[in-house]
Amino acid sequence: MKIKSIETFLLESTIEEPFSWSQGIAGKRTALICKITTDEGVLGWGEGGDSPSQTVIHDLFAPQLIGEDPRAINKLWNRMFGTIYNDDQTSGFGGGALSCIDIALWDILGKSSGKSISELLGGPIRNKVPVYATGLYYRDGDDYSKLVEEAVSYVEAGYIGMKTKIGGLSVAEDVERVRSIRIAIGDDLFLMVDANKAYNASTAIDIGNRLAGLDIHWFEEPVVANDVEGYLEVKVGQPLTVAGGEVWYNRYEARDFLAKRALGIAQPDVRFIGGITEFRNVAAMANTMGIRVNPHVWGSAIMISASISLASTFQPCPRVGNPRPYEQTPVMEFDQTPNPIRNELASIAFEQTDGFIDVPHKPGLGLEVDESAVERFCVRRMISEL
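This text gives an overview of the structure that appears in the document. From a predicted model like this one, the values you see are computed outputs, not experimental measurements. (Residues numbered from 1 in each chain as written. Predicted model: local features only at pLDDT ≥ 70, side-chain atom pairs only at ≥ 80, totals over all residues. Heavy atoms only, no water.)

Focus on the environment of phenylalanine 61
So, step 1. Here phenylalanine 61 shows up in helix α1 (residues 51–65).
So, step 2. Judged by relative accessible area, which is 0%, phenylalanine 61 ranks as buried.
So, step 3. Separated by 22 residues in the primary sequence, phenylalanine 61 and threonine 83 place their C-alpha atoms 7.6 Å from one another.
So, step 4. The contacts of phenylalanine 61, once residues within four sequence positions are left out, are Val56, Met80, Thr83, Ile84, Gly94, Ala97, Leu98 and Ile101. (Helix = DSSP H or I, 4+ residues; strand = E, 2+ residues; numbered from the N terminus. Buried < 20%, exposed > 50% of the residue type's maximum accessible area, 1.4 Å probe, protein only. Contact = heavy atoms within 4.5 Å.)

Structure (structure tokens):
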């Protein structure tokens, strides 16, 4: 089996109700996906990176991949990584491009062998993966009544955990905003906050201490993503568990955070970390250090499937006889904001029941991509072929 062609599609869809967080406003959703076609007609789909990653795939990776056996994932991953390593392009767009291709290669391996991704990874430890609802963003003209209504809807849907944004308002206003959610959902559900790098360490420590009485399960991305010392300062200065890592692009970027115990929860994103191959490496590193791994997920059904499959294989952290979600068992982010691409791209639009999603069991990613939807959302297509 040989790689015959690599196609990439930059997808874009406007949304009717924009929402915002500390770093800006979302008026549209985007995704970069790839399709790898083999000479035997087996197709593999991947997702990763953003617009510039598309150029990396075709200018740097495609010449290294066309004509090669797609099932030789380790060899091809290291070849791609080597292509961008010397010029220090492994982060950012390079890491996203690598992730996109890697996921598609695993999809091909699964389809050609008749095995699901979780089976290829050694088999799932659990057949269902716990998920939490991500929503509760800022909206123009929103008062606490709409925020509370959304939070209660997640409770009614069966979730046992949810995450809201902070950093978009003053510290005092955000504390009251979070307090309104806690009052609405009660004391028994897990509630997390995400600052999206909004603070310096001293302000993050301030709001962390103010939120301490609201039983916040973790405080996500309190400071700039690569500021290891800042993370350590926040961890020491306030009582909330610190989480981060969604924009790590390989194990080397994760290394110092894990080795220094700068956070209590690691959140790699399969679209950025280097795909399934590198996510597995980082998860194993974290587990040996007693750091839980909860996948960050913000994309289409392709990355959702890859993330569930990975999470199904992660060892409890730590090992106990009866591991519980949010305590020892990994929990996966489940985005509830508007996203037509996520909902319409594939044959499976993943749904949760009582806070869990079933692990895909069909070969590869276990889904069929609707190519008419790809065409409908596509704003730029590129192809490399024999």
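Having seen it, we continue.
Some points on the packing of aromatic side chains
So, step 1. Considering all chains together, one arrives at 16 aromatic pairs under this definition.
So, step 2. Seen in terms of ring centroids, tryptophan 21 and tyrosine 137 are 6.3 Å apart; in terms of plane orientation they differ by 85 degrees. Their pairing is edge-to-face. Here the residue tryptophan 21 occupies a position in strand β1 (residues 3–21), and tyrosine 137 occupies one in the loop between β4 (128–134) and α5 (144–157), the gap between them amounting to 116 residues.
So, step 3. Judged by centre distance (5.9 Å) and plane angle (85 degrees), the ring pair of tyrosine 154 and tyrosine 159 falls under edge-to-face. The pair tyrosine 154 / tyrosine 159 is uniform in exposure class, with both members buried.
So, step 4. Through a chain of ring-to-ring contacts, three or more aromatic side chains come together here, namely Phe19, Trp21, Tyr137 and Trp298.
So, step 5. Between the NZ or CZ atom of arginine 177 and the centre of the ring of tyrosine 138, over which it lies, the distance is 4.3 Å. (Phe/Tyr/Trp six-rings, centres within 6.5 Å; stacked < 30°, edge-to-face > 60°. Lys NZ or Arg CZ within 6 Å of the ring centre and 35° of its normal.)

Section: the pattern of salt bridges
Two side chains with opposite charge may pair up if their charged atoms get near one another.
So, step 1. Counted according to the given criterion, the structure contains 24 salt bridges.
So, step 2. One salt bridge connects glutamate 220 with lysine 163, and the closest N-O pair in it is separated by 2.8 Å. Of this pair, glutamate 220 sits in strand β7 (residues 216–220) while lysine 163 sits in strand β5 (residues 161–165), and the two are 57 residues apart along the sequence.
So, step 3. Take glutamate 220: its relative accessible area is 0%, and that puts it in the buried class. (Salt bridge = Lys/Arg side-chain N within 4 Å of Asp/Glu carboxyl O.)

Description of helix α2 (residues 73–85)
So, step 1. Taking 1.5 Å per residue, 13 residues should reach 18 Å; α2 reaches 18 Å between its end C-alpha atoms and fits that length.
So, step 2. Within the span of α2, buried status applies to Ile73, Leu76, Trp77, Met80, Phe81 and Ile84. In a view along the axis of α2, the buried residues occupy a sector of 130 degrees, so they form one face of it.
So, step 3. Those residues of α2 that are buried are in contact with β1, α1, α3 (93–113), α9 (251–259) and α10 (275–288). (Expected span 1.5 Å × (residues − 1). Arc of directions from axis to C-beta.)

Re the side chain of serine 116
So, step 1. Among the secondary structure elements, serine 116 is positioned in the loop between α3 and α4 (117–120).
So, step 2. Since its relative accessible area comes to 3%, serine 116 is described here as buried.
So, step 3. There is a polar contact of 3.1 Å between the side chain of serine 116 and the side chain of serine 118.
So, step 4. When residues no more than four places from it in sequence are discounted, the contact partners of serine 116 are Pro360, His361, Lys362, Pro363 and Gly364. (Polar contact = N/O pair within 3.5 Å; in protein donor to acceptor, adjacent residues only side chain to side chain.)

A short note on α9
Residues three or four positions apart in an α-helix share a direction because the helix packs 3.6 residues into each turn.
So, step 1. By the burial criterion, the buried members of α9 are Ala254, Phe257 and Leu258. The buried residues of α9 occupy one face: seen down the axis, they fall within an arc of 95 degrees.
So, step 2. Between the side-chain oxygen at the start of α9 and the backbone nitrogen of tyrosine 252 there is a gap of 3.0 Å, and the oxygen is on asparagine 250.

Let's talk about the layout of surface pockets
Picture a little ball the size of a water molecule; that probe, rolled over the atoms, points out where space is still empty.
So, step 1. Within this model, the largest pocket holds a volume of roughly 760 Å³.
So, step 2. If you go around the largest pocket, you meet 38 residues; those closest to its centre are Trp21, Asp50, Arg271, Phe272 and Trp298.
So, step 3. No other element matches strand β2 (residues 24–38), which puts seven residues into the lining of the largest pocket.
So, step 4. Across the lining of the largest pocket, the residue classes break down as twelve nonpolar, 13 polar and 13 charged.
So, step 5. Approximately 240 Å³ is the volume attributed to the second largest pocket.
So, step 6. Lining the second largest pocket are 17 residues, with Ala283, Ala284, Thr313, Phe314 and Gln315 sitting closest to its centre.
So, step 7. Secondary-structure elements contributing two or more residues to the lining of the second largest pocket are α10 and β10 (292–293).
So, step 8. When residues of the lining of the second largest pocket are assigned to their parent elements, the largest contribution, four residues, is made by α10.
So, step 9. Within the lining of the second largest pocket, the residues separate by chemical class into eight nonpolar, seven polar and two charged. (1 Å grid on protein atoms, 1.4 Å probe; cavity = no way out; pocket = protein on both sides within 12 Å on 5 of 7 lines; lining within 4 Å. Points joined across faces, edges and corners; volume = space filled by probe spheres on them. Nonpolar A, V, L, I, M, F, W, Y, C, P; charged D, E, K, R; others polar.)

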